[in-house]
Amino acid sequence: MIDDVSFALTRGETLGLVGESGCGKSVTAMAVMGLNPEPPSRVESGRILLEGRDLLGLGPAMREIRGERIGMIFQEPMTSLNPTYTIRFQIAEAIRLHRPVSRARAHAEVLELLRMVGIGAPERRMNQYPHELSGGLRQRVMIAMAIACRPALLIADEPTTALDVTVQSQILDLIKRLQAEMGMSVLLITHDLGIVAETCDRVIVMYAGRIVEEAAVGALYARPLHPYTAGLMASRPRLGHRQPVLPTIPGMVPSPGQRGAGCHFADRCARVQDRCRDTAPPLEHVEAERKLACWNPMP
Amino acid sequence: MSELLRVRDLVRHFPSRDGRGVVRAVDGVSLTLGKGETLGIVGESGCGKSTLGRTILRLIEPSSGSVVFDGTELSTLDRRRMRALRRQMQIVFQDPYASLDPRLTVGAIVGEPLVIHGIGSRETRRKAVLELLQTVGLDEEAAGRYPHEFSGGQRQRIGIARALALRPKLIIADEPVSALDVSIQSQILNLLAELKQDFGLSYILISHDLAVVEHLSDTVAVMYLGRIVETAAAETLFARPSHPYTQALISSVPTPDPGRRAQRIMLPGEMPNPEDPPPGCAFHPRCPMAMDICRSTPPRQHDIGTGGTPHLVTCHLFDGAGKA
């Protein structure tokens, strides 16, 4: 599903992982969390280092890292919140799973966390059940659970895709604020290039299981080098930039069974050359802070 | 431009869940669509935009109000005549999979409207289906396959082919690209633009995606909690949004330009429950400009357009300006 994916996040940094469905961005994040079901899935090779520790060999000890050093939020909060327990119980459990604090202490921390994520009337809200909350509030509750143990890394997988645009700005703003307050690193997985531009420091573009381009956000948007990145940017209508016909990328993403030996984008690429079909281009530095996997990049 | 559709004071209320109150899903909507025009209806989830589309077509019966389509008042038509007229008004849905019968071949799905309306012979229908598939960019051999064999973008093409089968005058497209990947969205948006030219269609495009709406629409109406709060030509609306909600909505869209991290108007809270709308202007609890009158009195519509082009805004901020 994913192939030779390497990247690093520094402390306090926000890294965007962008791509369309099936590109492997969520699989990558789940691999970091050790959450891909085995079998059928399997990490065949590679390492995942968090603060110097390799997570892949940890086995059951991974459970302590997950939730404590790495927090995670998903697109649909209802899949992670238990509908039969109150908000208070679920956040308290997230705390007590990793730290032996008293019931009273956990209660106080729940209130504090709900305040931190901007939930008004937390004393009332914490006794409610997930279904009693709006989508935006549920996402705030999930963020509260994810940061309960002050993780070093927050993985946010399409955290605002299910939300309305005015609520989306609230949540993105909240993640940014918490990151600054707590010095967290954030791995933000999204299909939305606008969100990446507004929230990330660096960005990785994935296509069909591989990284095709990695750059600082400013550099990437100023000049995308991979034809896929360029095509993706051009094909999205932009407010205030109306054009009669949108540029398109022909065809569609190959499924894992249809991927050939060469560059996975070759069949859709306007700049394709013979060797693109035979040999996959390696991801290599093209500048100090920039990597690219392409035999015939954009001029 | 001659008028294709005129909606006046359209209302659709539903009984609330506890059975005691009403949900004002569509609460007095008026709009006009010219022939060959695209009207975009934009708003967030729960604003009533999808109910509005279905109520215009009488897929959901209106509680009150008037819909005149090509000179015919729809609200008083009997079933048989409504059905005959519906040939000219089709709908394309967001989820092309949920709206395609998985047990039918694509050929049968696309040809079904022709069968229902008793159009043509088996042979002419077969020809028409192949032609339709080609029109929307699918191979002829697609006719013999089933929906699950196709990707999301291709399924949306199938849905569009079916909508085109009866040569309608109006297509209501309800979030036609929201379920699709970015690189596939642009293909479908271009197809919709092309078909409009080729078939002389008019569209009502319902979407939460402002960039998509701006891209295709001539006129845009912004909905909030069952009502239209602002209507203007697309260029005007996006260049000079006047209702505080429209302004906030536009400013919330993330721009793919890291150099210009936009000044955002951050709205507090979320859209209120339509079972229990706030008094006065329904937007006032979230409005950065709210005044006392907004909390008590529903605002009236004002035309602040210049040069004869209407720019309608329903907001107390304009109480002194324009024509009420």
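Residues numbered from 1 in each chain as written. Chains lettered and ligands numbered in written order. Predicted model: local features only at pLDDT ≥ 70, side-chain atom pairs only at ≥ 80, totals over all residues. Heavy atoms only, no water.

(A) Structural detail: the interface of chain B and chain A. Taken residue by residue, the interface counts 42 residues in chain B and 45 residues in chain A. Counting each side, the surface lost to burial between chain B and chain A is near 3,700 Å², with a carbon and sulfur contribution of 53%. Considering only the side of chain B, the residues that lose the most area to chain A are Val182(B), Pro256(B) and Glu270(B), jointly responsible for 16% of the buried surface there. At the junction of chain B with chain A, the criterion picks out two salt bridges. Of the charged contacts, one joins Asp209(B) and Arg236(A) as a salt bridge, the two residues approaching to 2.9 Å between their closest N and O atoms. Of all elements in the fold, only helix H6 (182-199), helix H7 (210-216), helix H8 (234-239) and helix H9 (244-252) of chain B reach the threshold of two or more residues within the side of chain B that touches chain A. Partitioning the side of chain B that touches chain A into residue classes produces 19 nonpolar, 13 polar and ten charged. (Contact = heavy atoms within 4.5 Å. Buried area = accessible area lost by both parts, 1.4 Å probe. Salt bridge = Lys/Arg side-chain N within 4 Å of Asp/Glu carboxyl O. Helix = DSSP H or I, 4+ residues; strand = E, 2+ residues; numbered from the N terminus. Nonpolar A, V, L, I, M, F, W, Y, C, P; charged D, E, K, R; others polar.)

(B) Main features of the side chain of Gln179(A). All names here are of chain A. Inspection of the secondary structure puts glutamine 179 in helix H7 (residues 165-182). With relative accessibility at 9%, the residue glutamine 179 sits in the buried group. Not counting the four nearest positions on each side in its chain, glutamine 179 is found in contact with Gly12, Glu13, Thr14, Met184, Ser185 and Val186. (Buried < 20%, exposed > 50% of the residue type's maximum accessible area, 1.4 Å probe, protein only.)

(C) Representation of the environment of His302(B) within the structure. Residues and elements named next belong to chain B. Position of histidine 302 relative to the elements: it lies in strand S11 (residues 301-303). Since its relative accessible area comes to 2%, histidine 302 is described here as buried. Polar side-chain contacts of histidine 302 include one of 3.0 Å to the side chain of aspartate 319. (Polar contact = N/O pair within 3.5 Å; in protein donor to acceptor, adjacent residues only side chain to side chain.)

(D) Representation of the pairing of strand S6 (residues 89-92) of chain B within the structure. Residue and element names in this part refer to chain B. Burial of S6 is two-sided: the residues Met89 and Ile91 facing one way and the residues Gln90 and Val92 facing the other way are all buried. The pairing of S6 with strand S7 (residues 170-174) spans four bridges and is parallel. Bridging across to S7, methionine 89 finds its partner in leucine 170. (Pairing = 2+ DSSP bridges.)

(E) Fine view of the pattern of salt bridges. Residues and elements named next belong to chain A. Taken as a whole and assessed by the stated rule, the structure comprises 28 salt bridges over all chains. Aspartate 3 is the partner of arginine 210 in a salt bridge, and the nearest nitrogen-oxygen pair spans 3.2 Å. Placement of the pair is arginine 210 in strand S8 (residues 210-216) and aspartate 3 in the segment before strand S1 (14-18), with a sequence separation of 207 residues.

(F) Fine view of the side chain of Ser251(B). Residues and elements named next belong to chain B. Structurally, the position occupied by serine 251 is in helix H9. Within polar-contact distance, the side chain of serine 251 engages the backbone oxygen of alanine 248 at 3.1 Å. When sequence neighbours within four positions are dropped, the list of residues in contact with serine 251 reads Gln263, Arg264 and Ile265.

(G) Quick look at the sheet that holds S7(B). Residue and element names in this part refer to chain B. Spatially, S6-S7-S8-S3-S9-S10-S12-S11 is the arrangement adopted by the eight strands of the open sheet, whose pairing is mixed. In the strand order of this sheet, the two ends are held by S6 and S11, each with one partner. Going from strand to strand, the sheet's axes swing by 20° on average, the running direction of each strand aside. Note that strand S9 (residues 219-224) and strand S10 (residues 227-233) share six bridges and pair antiparallel. Looking across to S10, one finds that alanine 221 is bridged to threonine 231. Contacts from helix H5 (residues 152-164) reach S6 and S7 within the one sheet, and its direction differs from that of S6 by about 175°. (Axes fitted to C-alpha atoms, helices over the stretch in contact; angles between N-to-C directions.)

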